[in-house]
Amino acid sequence: MTDLSTVPVSAIKGVGTKTAEALVKAGINTCLDLLHIYPRIYEDRTPRYLLQDAPLDCKVALIMRVTTSPRIGFTPTGKRIVRFSAKQREDSPSVQIAFFNQTYLVNAFHVGSDYRFYGKLSKGGSGYFMFSPSFEPVEAMTADTVPVYSPQGGLSSGKIAKIIKTLLSSISPLDILDTLPEEVRRENMLMPLGEALFEIHCPTDGRVLDRAKERLIFDELFEFSLAAEKLRRREDTQIAPSMEKVDTTPFINALPFPLTNAQKRSLAEIENDLTGTVQPHRAMRRLLQGDVGSGKTAVAAGAIYIAMKNGGKAYLMAPTEILACQHFETLKAWFEPMGFRVMLLTGSTSAKERRNIREYLQLHDPLLIVGTHALFEEETRPYNLTLVITDEQHRFGVNQREKLLSKATVRNNLVMSATPIPRTLAMFLYAGLDVSILDELPPGRQEISTLLIPPSKRERMYGFIESEIANGHQAYIICPLVEESEEEALEREVSGKGSLMSAVEMAESLKKRFERYNVGLLHGKMKPADKNAVMEGFAKGEIQILVSTTVVEVGVNVPNATVMAIEDSDRFGLAQLHQLRGRIGRGKDKSWCIFITSTKSRDALSRLEFMTKCTDGFKIAEYDLEQRGPGDFFGERQHGELQLPLASTTRDVTLFKKAADSAKAYLDSKK
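In this text, all values refer to a predicted model and were calculated from it rather than measured experimentally. (Residues numbered from 1 in each chain as written. Predicted model: local features only at pLDDT ≥ 70, side-chain atom pairs only at ≥ 80, totals over all residues. Heavy atoms only, no water.)

1. Here's the deal with the overall build of the protein
- Secondary structure assignment for the protein yields 22 helices and 22 strands.
- In the protein, buried positions account for 52% of the 671 residues.
- Counted over contacts in the protein with a minimum sequence separation of 6, partners at least 24 positions apart contribute 73%.
- Total accessible area on the protein stands at roughly 30800 Å², and carbon and sulfur atoms take up 50% of it. (Helix = DSSP H or I, 4+ residues; strand = E, 2+ residues; numbered from the N terminus. Buried < 20%, exposed > 50% of the residue type's maximum accessible area, 1.4 Å probe, protein only. Contact = heavy atoms within 4.5 Å. Areas by Shrake-Rupley, 256 points an atom, 1.4 Å probe, with all protein chains shown as cover.)

Given below as structure tokens:
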């Protein structure tokens, strides 16, 4: 057997220096790394349709003959494009084929030759069209089931597929060293790793592919469970000094709002963890879970108050700079009047301020540092760090949590999450943390009315937004894109359809529509300082309408915002729509969330209609995952977060338990 984890990708035939560098840049250093890049989907390229029977606006395979010579033209923005026509039969309508920024393809097609084209078939005012389809000559057609990979390091799906195919052709399943302990594999009746990897990249049978996925999913969950169980056992053996009991009344009275019963209960549980008298006393390990707007920050602040009153330091780490800045401003306003120092550490923090932070970390005074990943990248070991809090913990993963906790004098750990996760699943994801749930919203919070409208009612919606602004309120307009792509621009031109609303275009349009008001623009490609300036202007009421991508999904708190309109809402998952909707309804005034969509898909419309009737985050997440099937539970991945490429946190609960039990048994056997 070959240990592919020691064989560099540069050893694969046909992988040159530039390709190897691109793979390494994407974190694919070895042949084993490459084989663990799984297909995102499998495309069925069986040419089974006649043109008039083919479904529109989805991918299909059509065998067609090229009828016009390819020519180079220009997109509406001046970029080059290759265009030509093809027909299925002489008496069939023409299909316009177009490729972007690939002028070399002008010589790839010959009039009278037959090709299999695979891509999205659409129909507009000028007839049928396909943009950038996959293609191959009929006489050289490959398999009908084709794995599709996510691009890696600038390399396309096709390039990744070719490299993997080359690697697999040079080895056999028996050549691949199995990384799972043999006793664990036998006990769970799992397929050998080599067979599973061959099958997932070159599927032969649906049932065999399911068994291959089961094996690879188990590997992911076993590795995660093993790391989590090791961390749990390490923390279980560590005796920690308890803090002195603290009267939290001054802190609670200083808050600008009363605590809910759920907040009081959770704070009491945290206080008992930190100051309990049961011996031997162990460090706190608690998950604070609550829906958007349930008041997790105030409860976390209560824990920080207890730590700082005991003379300790606290870290609060957030996944994004915007959220870190928001926490910093909130906590600074609460704690500085009490005499506590609060500082901010992010990737944008200046060298001078970093030096100040390092100096304060060495002092014996209480201190709160709010930050991003920069917290665990900072090498300084704080004096008397007794509390570590992470917000949206799932984005960091077990290893990052351990790295941050390793800086602590006492490893008291509170993790916060607004992501609805069933309690049984939370036990696996959060390595045996105790769970506190905020299951009620603060008093005075107004229910959010949710509406679903077509684009034809957009102007009427603008009139409503105008009336809300005239009453002193503010509005969000959420767009799925930063800017429209070349392909989308051309599709709009050819089909006569409206394009997806990009944030940049929307902002420009609304500045003309709402001339009397300030319209701001916020998206992830902006510099952190610019993003913070826009959010500050919106928070202060200087910007009345904020056009944004989903960068506002987590943590932004503007109680004066009473309207959110979400363009092309069918492109979002329901859990994400719920997170976005949670940005409004945070004040005393009635709020409205408006979903705008032009989709004709019954499934998409039923999902959005469900959202108009339900505001319970747990029910929405359950419904969303049931409807969408396997996928990434937590949305777009961030650097360092939990990686489960194949596993689904709802579908694979049984495998989660099997993997967790196997990890415990395996560690027990090694004692």
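2. Comments concerning the sheet that holds strand β15 (residues 413-417)
- Pairing within the open sheet is parallel, and its seven strands lie in the order β12-β13-β11-β14-β15-β10-β16. On the outer flanks of this sheet lie β12 (342-345) and β16 (434-438), each paired with one strand and no other. For this sheet, the mean angle separating the axes of adjacent strands, direction not counted, is 20 degrees.
- Bridge count between strand β10 (residues 285-290) and β15: five bridges; the pairing is parallel. Within β15, the position partnered with Leu-288 by the bridge is Met-416.
- Against the sheet, helix α10 (residues 321-335) touches β11 (313-317), β12, β13 (367-371) and β14 (385-391), its axis set at about 170 degrees to β12. (Pairing = 2+ DSSP bridges. Axes fitted to C-alpha atoms, helices over the stretch in contact; angles between N-to-C directions.)

3. Regarding the pattern of salt bridges
- With the rule as written, the count across this model stands at 23 salt bridges.
- Asp-144 is the partner of Arg-116 in a salt bridge, and the nearest nitrogen-oxygen pair spans 2.8 Å. Highlighted residues: Arg-116 in strand β6 (residues 114-124) and Asp-144 in the loop between β8 (134-137) and β9 (145-148), separated in sequence by 28 residues.
- For Asp-144, a relative accessible area of 30% corresponds to the partly exposed category.
- Between Glu-182 and Arg-186 there is a salt bridge, and its shortest N-O distance comes to 3.6 Å. Within this pair, Glu-182 and its partner Arg-186 are both found in helix α4 (residues 182-187), separated by four residues, close to a single helical turn.
- The class for Glu-182 is partly exposed, based on a relative accessible area of 35%.
- Judged by relative accessible area, which is 54%, Arg-186 ranks as exposed.
- Here the salt bridges share partners, and the residues they tie into one network are Glu-269, Asp-273, Arg-286 and Asp-434. (Salt bridge = Lys/Arg side-chain N within 4 Å of Asp/Glu carboxyl O.)

4. With respect to the packing of aromatic side chains
- Counted under the stated rule, the structure contains 21 aromatic pairs.
- Between the aromatic rings of Phe-109 and Phe-135, the centroid separation amounts to 4.6 Å while the plane-to-plane angle is 50 degrees, which identifies the pairing as tilted. One end of the pair, Phe-109, is in the loop between β5 (94-100) and β6; the other, Phe-135, is in strand β8, with 26 residues separating them in the sequence.
- Assessed through its relative accessible area of 4%, Phe-109 is described here as buried.
- Between Phe-222 and Tyr-666, the ring centres sit 6.2 Å apart and the planes meet at 70 degrees, which makes this aromatic pair edge-to-face. One end of the pair, Phe-222, is in helix α6 (residues 206-236); the other, Tyr-666, is in helix α22 (residues 653-669), and 444 residues separate them in sequence.
- By relative accessible area, Phe-222 is classed as buried at 6%.
- An aromatic cluster of at least three residues, connected via ring pairs, comprises Phe-84, Phe-99, Phe-109, Tyr-115, Phe-117 and Phe-135.
- For the cation-ring pair, Arg-513 lies above Phe-514, with the distance from its terminal atom to the ring centre recorded as 4.8 Å.
- Over the ring of Trp-592 we find Lys-590; its NZ or CZ atom is 6.0 Å from the centre of that ring. (Phe/Tyr/Trp six-rings, centres within 6.5 Å; stacked < 30°, edge-to-face > 60°. Lys NZ or Arg CZ within 6 Å of the ring centre and 35° of its normal.)

5. Some details on the packing of helix α8 (residues 261-275) against helix α9 (residues 296-309)
- Where α8 contacts α9, the axes come no closer than 9 Å and their chain directions differ by 30 degrees. By the angle between their directions, the pair α8 and α9 is classed as roughly parallel. Crossing of α8 over α9 shows right-handed handedness. Contacts between α8 and α9 involve Gln-263, Ser-266, Leu-267, Ile-270, Glu-271, Leu-274 and Thr-275 on the former and, on the latter, Ala-298, Val-299, Gly-302, Ala-303 and Ile-306. (Parallel < 35°, antiparallel > 145°, perpendicular 65-115°, else oblique. Left-handed = near helix turned anticlockwise from the far one by under 90°.)

6. Things to note about the sheet that holds strand β22 (residues 591-596)
- Pairing within the open sheet is parallel, and its six strands lie in the order β17-β22-β21-β18-β20-β19. Each end of this open sheet is capped by a strand with a single partner; those strands are β17 (448-453) and β19 (519-522). Each strand of the sheet is rotated relative to its neighbour by a mean of 20 degrees, with strand direction disregarded.
- Both β17 and β22 contribute to a ladder of six bridges, which runs parallel. Note that in β22 the partner of Ser-449 across the bridge is Trp-592.
- The sheet strands contacting helix α19 (residues 574-581) are β17, β18 (474-478), β21 (561-566) and β22, and the helix crosses β21 at an angle near 150 degrees.
- Docked against the sheet, helix α20 (residues 602-613) engages β17 and β22, running at close to 155 degrees with respect to β17.

7. Quick look at helix α1 (residues 17-25)
- When α1 is considered as a whole, its buried residues turn out to be Thr-19, Ala-20, Ala-22 and Leu-23. Taken around the axis of α1, the buried residues stretch over an arc of 160 degrees, which confines them to a single face. Turned more than 90 degrees away from the buried face of α1 sit Thr-17, Lys-18, Glu-21 and Lys-25, all of them exposed.
- Where the residues of α1 are buried, they touch α2 (31-35) and α3 (157-169).
- Note on α1: the residue one or two positions beyond its end, Gly-27, has a positive phi of about 85 degrees. (Arc of directions from axis to C-beta.)

8. Brief notes about the confidence of the model for the protein
- On average, residues of the protein score 85 in pLDDT, and 88% of them are at 70 or above.
- Below pLDDT 50 for its whole length, residues 494-499 participates in 16 contacts with residues either more than four positions away or in separate chains.
- In the predicted structure, residues 629-643 sits below a pLDDT of 50 and forms 42 contacts with residues beyond four places in sequence or in another chain. (pLDDT = per-residue confidence, 0-100.)

9. Let's talk about the environment of Phe-109
- For the pair Phe-109 and Arg-65, spaced 44 residues apart in sequence, the C-alpha to C-alpha distance is 9.8 Å.
- Contacts of Phe-109, omitting those with residues within four sequence positions, involve Val-66, Pro-70, Phe-84, Phe-99, Tyr-115, Phe-117 and Phe-135.

10. What about the environment of Ile-357?
- Along the chain, Ile-357 falls in helix α11 (residues 351-362).
- Ile-357 gets classed as buried once you look at its relative accessible area, which sits at 2%.
- For the pair Ile-357 and Leu-367, spaced ten residues apart in sequence, the C-alpha separation works out to 9.9 Å.
- Dropping the residues within four chain positions of it, Ile-357 is found in contact with Met-343, Leu-344, Leu-345, Thr-349 and Ile-369.

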